[in-house]
Amino acid sequence: MLHGVALTTALAAIVVAFALYFAAPKLAGSVAGKLALLLGVVVTPGLAAVGGTSYAYTESSSTEFCVSCHEMEPHGRSLFADDPTVLPAVHYQKRLVDRDHACFACHTDYAMFGNLKAKANGLRHVWVHYFGEPEGPFELYAPYPNANCLHCHDDARSYLESQGHQGQFDALRANELSCLKCHASGHAHDRLEEVGFWAPE
Amino acid sequence: MGARVDDAPTPTLALAPEPIEREVATIRTALVCVLAGAFVELMGIVWFSPGTFIAMACVGLPLTLLGIGIFVRMVWRHIRRGPM
């Protein structure tokens, strides 16, 4: 749907702008012509820009997009790690997150500007991929916030009834005790070959 | 006593209306910008990848906004100065 709308508005903007380029001398002299120019220079390209940006915003949240750069290949492979302690793999394989947006689900802050911040960081990563020197190992910009985990787990029965969590709820909510203190597997790059990979039939 | 001709306000250069040819040239510049911007956006939509993503964000969108900005500025100046 969004793809179709974005494609149509971009095509319309190109066709209209192309036609108006040659008709501009005639149109600039009349009120109706000026309105046509307003449509062709402001409204249609504006819609095309909104459509294209919305499409790019949505598509850049996909798992396929995130792992399309070779630097992210180990992160993508870790989703298939055959080890129940590797958190990204558990989330992906058990469908605890939408598989098409697996990276975005855990690496976006669920605050007011969380999505925008994630997009800005993603844009910076793509920029470095093409015009810079990506240097590993890659680290998070800030300690992983519990809010990202609790966004889904906060009222989950398994979380509430877990023995290890009893008495820790306030500290976890206040981010005083990191979830990763006990669940610190990360993407387990160093032992991926060792644990092997899950191969769905 | 009536006002003398010399007392009439002299139009300054800043308020002088722009010739239509110059407006057309500005409109065409704006159209070229939005055309190029929309083309980059179209390429990004058809072949979406990290490369086209950055092209859309750093080339397509700014060019489109620049074209719109040039046109809006021209209209604003036109309103302030009045038509030829």
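That block above? That's the structure.
Attention here is on the structure that accompanies the text.

Calculation criteria
- Position labels on residues start from 1 in each chain and follow its written sequence.
- To read the labels, note that chains go from A and ligands from 1, taken in the order they are written.
- Owing to the predicted nature of the model, reporting of local features is limited to residues with pLDDT of at least 70; listing and counting of side-chain atom pairs is limited to 80 or more, with chain, interface and lining totals taken over all residues.
- Water and hydrogen atoms play no part in the side-chain values, which are based on all heavy atoms of the structure.
- Counting from the N terminus, the helices are the DSSP runs of H or I reaching at least four residues and the strands are the DSSP runs of E reaching at least two.
- We call two residues in contact whenever any of their non-hydrogen atoms come within 4.5 Å of each other.
- Accessible areas in this description were obtained via Shrake-Rupley with a 1.4 Å probe; residue shielding takes into account the shown protein chains only.
- Counted as positive: Lys and Arg. Counted as negative: Asp and Glu. His and the chain ends are not counted at all.
- Charge positions come from single atoms, namely NZ of Lys, CZ of Arg, CG of Asp or CD of Glu.
- Paired rings are identified among Phe, Tyr and Trp, the last through its six-membered ring, by centres lying within 6.5 Å, and are further divided according to the angle between planes into stacked (under 30 degrees), edge-to-face (over 60) and tilted (the rest).
- Note on exposure labels: buried denotes an accessible area under 20% of the residue type's maximum, exposed denotes more than 50%, and partly exposed covers the range between, all computed with a 1.4 Å probe on protein chains only.
- For a lysine, the NZ atom is tested; for an arginine, the CZ atom; a charge sits over a ring if that atom is within 6 Å of the ring centre and within 35 degrees of the ring normal.
- Once two parts are put together, the accessible area they lose, assessed with a 1.4 Å probe and summed over both, is termed the buried area.
- Should a side-chain nitrogen of Lys or Arg be within 4 Å of a carboxyl oxygen of Asp or Glu, the pair is scored as a salt bridge.
- Under the rule applied, a polar contact is a pair of N or O atoms within 3.5 Å (in protein, one hydrogen donor and one hydrogen acceptor; residues adjacent in sequence only if both atoms are side-chain atoms).
- Three classes are used, and their members are as follows: Ala, Val, Leu, Ile, Met, Phe, Trp, Tyr, Cys and Pro are nonpolar, Asp, Glu, Lys and Arg are charged, and the others, Gly among them, are polar.
- Angles here are taken between N-to-C directions and fall from 0 to 180 degrees, while the axes themselves are lines fitted to C-alpha atoms, restricted in helices to the stretch in contact.
- Each angle receives one of four descriptions, namely roughly parallel if under 35 degrees, roughly antiparallel if over 145, roughly perpendicular if within 65 to 115, and oblique otherwise.
- The handedness criterion is simple: a crossing whose near helix is rotated anticlockwise from the far helix by less than a right angle is left-handed, and one whose near helix is rotated clockwise is right-handed.

1. What to know about the overall build of chain A
Across its full length, chain A carries 11 helices and 0 strands. Mapped from its N terminus to its C terminus, chain A presents α and β elements in the order α-α-α-α-α-α-α-α-α-α-α. The principal-axis extent of the C-alpha atoms belonging to chain A is close to 80 × 35 × 35 Å. Across chain A, every contact between residues at least 6 apart in sequence was considered, and the portion connecting residues at least 24 apart equals 60%. Of the roughly 12,600 Å² of accessible surface on chain A, a fraction of 62% belongs to carbon and sulfur atoms. The averaged location of the 21 negative side-chain charges in chain A is 9 Å from the averaged location of its 13 positive side-chain charges.

2. Some remarks on the packing of aromatic side chains
Applying the stated criterion across every chain yields a total of 11 aromatic pairs over all chains. With a centroid separation of 5.8 Å and 80° between ring planes, the pair formed by A:Tyr55 and B:Phe48 is classed as edge-to-face. A residue pair is termed interchain when its members come from two chains, as with A:Tyr55 in helix 2 (residues 31-59) and B:Phe48 in the loop between helix 1 (20-46) and helix 2 (50-81). The exposure class of A:Tyr55 is buried, given its relative accessible area of 9%. Taking 5.2 Å as the distance between ring centres and 65° as the angle between the ring planes, the aromatic pair formed by A:Phe80 and A:Tyr92 counts as edge-to-face. Linking A:Phe80 in the loop between helix 4 (73-78) and helix 5 (87-93) with A:Tyr92 in helix 5, this pair joins segments that are 12 residues apart in sequence. Given the relative accessible area of 26%, A:Phe80 is considered partly exposed. Each residue in the set A:Tyr55, A:Phe65, B:Phe48 and B:Phe53 is aromatic and connected to the rest through ring pairs, giving one cluster. Between A:Lys119 and the ring centre of A:Tyr57, over which it is positioned, the NZ or CZ distance is 5.0 Å. Positioned above the aromatic ring of A:Tyr21 is the side chain of B:Arg28, whose terminal nitrogen or guanidinium carbon lies 4.6 Å from the ring centre.

3. Some words on the interface of chain A and chain B
How big an interface is tends to be stated in terms of the accessible area lost upon association of its parts. Contacts between the two partners involve 38 residues from chain A and, on the opposite side, 32 residues from chain B. Note on chain A versus chain B: buried area summed over both sides is about 3,000 Å², and carbon and sulfur give 86% of it. Across the chain A-chain B interface, the total number found is 0 salt bridges. In this structure, the connection of chain A to chain B is made through 3 residue pairs in polar contact (both at pLDDT 80 or more). When contributions to the side of chain A that touches chain B are tallied by element, the ones reaching two or more residues are helix 1 (2-27), helix 2 and helix 7 (114-131) of chain A. Of the residues forming the side of chain A that touches chain B, the biggest block, 15 residues, is contributed by helix 2 of chain A. Each residue belonging to the side of chain A that touches chain B can be placed in one class, and the counts come to 29 nonpolar, 7 polar and 2 charged.

4. Re the packing of helix 2 of chain A against helix 2 of chain B
One way to put it is that helix 2 of chain A packs onto helix 2 of chain B with a least axis distance of 10 Å and a crossing angle of 155°. As the angle between them shows, helix 2 of chain A and helix 2 of chain B are arranged roughly antiparallel. For the crossing formed where helix 2 of chain A meets helix 2 of chain B, the hand is left-handed. Counting all contacts with helix 2 of chain A, which are made through A:Lys34, A:Leu37, A:Leu38, A:Val41, A:Val42, A:Pro45, A:Gly46, A:Ala49, A:Gly52, A:Thr53 and A:Ala56, the residues of helix 2 of chain B involved are B:Phe53, B:Met56, B:Leu61, B:Thr64, B:Gly67, B:Ile68, B:Phe71, B:Val72 and B:His78. Split into classes, the residues belonging to the contact of helix 2 of chain A with helix 2 of chain B amount to 13 nonpolar, 6 polar and 1 charged.

5. Here we look at the packing of helix 1 of chain B against helix 2 of chain B
Helix-helix packing is characterised by the crossing angle of the two axes and by the distance between the axes. Residue and element names in this part refer to chain B. It is the contact of helix 1 with helix 2, at a shortest axis distance of 8 Å, that shows an interaxial angle of 160°. As judged from the angle between their axes, helix 1 and helix 2 are roughly antiparallel. Crossing of helix 1 against helix 2: the hand is left-handed. For the contact of helix 1 with helix 2, the class distribution of residues is 19 nonpolar, 9 polar and 2 charged.

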